[in-house]
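What the coordinates show
One-letter residues, chain by chain:
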Amino acid sequence: QRAAIANSGQAVVSIALQLCSRRSDSTVDAESAGLCINLAADEACAHLLVKGEGFGKLMMKGLQQKDVLLMKILRHCASHAAVRHRLILTMNSVSGEQDGWLLKLIE
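Cut-offs and rules
Residues numbered from 1 in each chain as written. Predicted model: local features only at pLDDT ≥ 70, side-chain atom pairs only at ≥ 80, totals over all residues. Heavy atoms only, no water. Helix = DSSP H or I, 4+ residues; strand = E, 2+ residues; numbered from the N terminus. Buried < 20%, exposed > 50% of the residue type's maximum accessible area, 1.4 Å probe, protein only. Contact = heavy atoms within 4.5 Å. Expected span 1.5 Å × (residues − 1). Arc of directions from axis to C-beta. Patch = residues over 30% accessible without salt bridge, like charges linked within 9 Å, V, L, I, M, F, W, Y side chains within 5 Å. Areas by Shrake-Rupley, 256 points an atom, 1.4 Å probe, with all protein chains shown as cover. Salt bridge = Lys/Arg side-chain N within 4 Å of Asp/Glu carboxyl O. Polar contact = N/O pair within 3.5 Å; in protein donor to acceptor, adjacent residues only side chain to side chain. Axes fitted to C-alpha atoms, helices over the stretch in contact; angles between N-to-C directions. Parallel < 35°, antiparallel > 145°, perpendicular 65-115°, else oblique. Left-handed = near helix turned anticlockwise from the far one by under 90°. Nonpolar A, V, L, I, M, F, W, Y, C, P; charged D, E, K, R; others polar. Core = buried A, V, L, I, M, F, W, Y, C linked by side-chain atoms within 4.5 Å.

Moving on, we get to the overall build of the protein. Broken down by element type, the protein carries eight helices and zero strands. Relative to its full complement of 107 residues, the protein shows a buried share of 41%. A separation of at least 24 residues holds for 66% of the contacts in the protein among residues at least 6 apart in sequence.

Here it is, written out as structure tokens:
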């Protein structure tokens, strides 16, 4: 099913990412995060998530707030070898420093 979503275009993945990041307070909607977690388990969907607008900012929010649901999205995305390079580039560009986000991750 997830592969079919990835093949249908980036719109579904983009909407899921927007739903997950729409709250301005410190919490993340569990249902939206769950959808992104399930999408991130598929390599093609994870690639679309990482390319998506706002992915890096959302993951930095997760790192700063130690949000377990957002960290699960990051973990799933990082589990795909084909996605890792893009993930690292995205996170480095958002964090403003080379691999600074990795230091936050291991704190």
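Further remarks concern unusual backbone geometry. The phi dihedral of Lys66 falls on the positive side, at around 55°, and the residue is not glycine. Tracing the chain through its elements places Lys66 in the loop between helix 5 (55–65) and helix 6 (68–78).

It is worth spelling out helix 2 (residues 10–21) at this point. The terminal C-alpha atoms of helix 2, which comprises 12 residues, lie 16 Å apart, in line with the 16 Å expected from a rise of 1.5 Å per residue. For helix 2, every residue scored as buried is listed here: Val13, Ala16, Leu17 and Cys20. Buried residues in helix 2, looked at end-on, bunch into an arc of 95°, giving them a common side.

Here the focus is a nonpolar patch on the surface. A contiguous nonpolar surface patch, about 230 Å² in accessible area, is contributed by Ile15, Leu19 and Leu35. Inspection of the secondary structure assignment puts Leu35 in helix 3 (residues 30–40).

Turning our eyes to something else, we now look at helix 6. If you check which residues of helix 6 are buried, you get Leu70, Met71, Ile73, Leu74, His76 and Cys77. At the N-terminal boundary of helix 6, the capping side chain belongs to Asp67, with an oxygen 2.9 Å from the backbone nitrogen of Leu69.

Another aspect to go through is the side chain of Asp29. Within the element layout of this structure, Asp29 appears in the loop between helix 2 and helix 3. For Asp29, the side chain forms a polar contact with the side chain of Ser32, separated by 2.7 Å. Not counting the four nearest positions on each side in its chain, Asp29 is found in contact with Arg22 and Arg23.

Here we come to the packing of helix 4 (residues 43–51) against helix 7 (residues 81–95). Close contact between helix 4 and helix 7 brings their axes to 10 Å; oriented N to C, the two are set at 15°. Looking at the two axes, helix 4 sits roughly parallel to helix 7. For helix 4 against helix 7, the interelement crossing comes out left-handed. Counting all contacts with helix 4, which are made through Glu43, Ala46, His47, Val50 and Lys51, the residues of helix 7 involved are Ala82, Val83, Arg86, Leu87 and Thr90. A breakdown of the residues in the contact of helix 4 with helix 7 according to their chemical character gives five nonpolar, two polar and three charged.

Formed by 30 residues in total, the largest nonpolar core has its most connected members in Cys20, Leu49, Phe55, Met59, Leu70, Ile73 and Cys77. Secondary structure elements with two or more residues in this core: helix 2, helix 3, helix 4, helix 5, helix 6 and helix 7. Contact partners of Ile73, with chain neighbours within four places excluded, come to Cys20, Ala33, Cys36, Ile37, Ala40, Phe55 and Met59.

This part is about the environment of Glu53. The residue Glu53 is located in the loop between helix 4 and helix 5 in this model. Residue Glu53 is classed as exposed on the basis of its relative accessible area, which comes to 79%. Taking the C-alpha atoms as reference points, Glu53 and Ser14, separated by 39 residues in sequence, lie 7.8 Å from one another.

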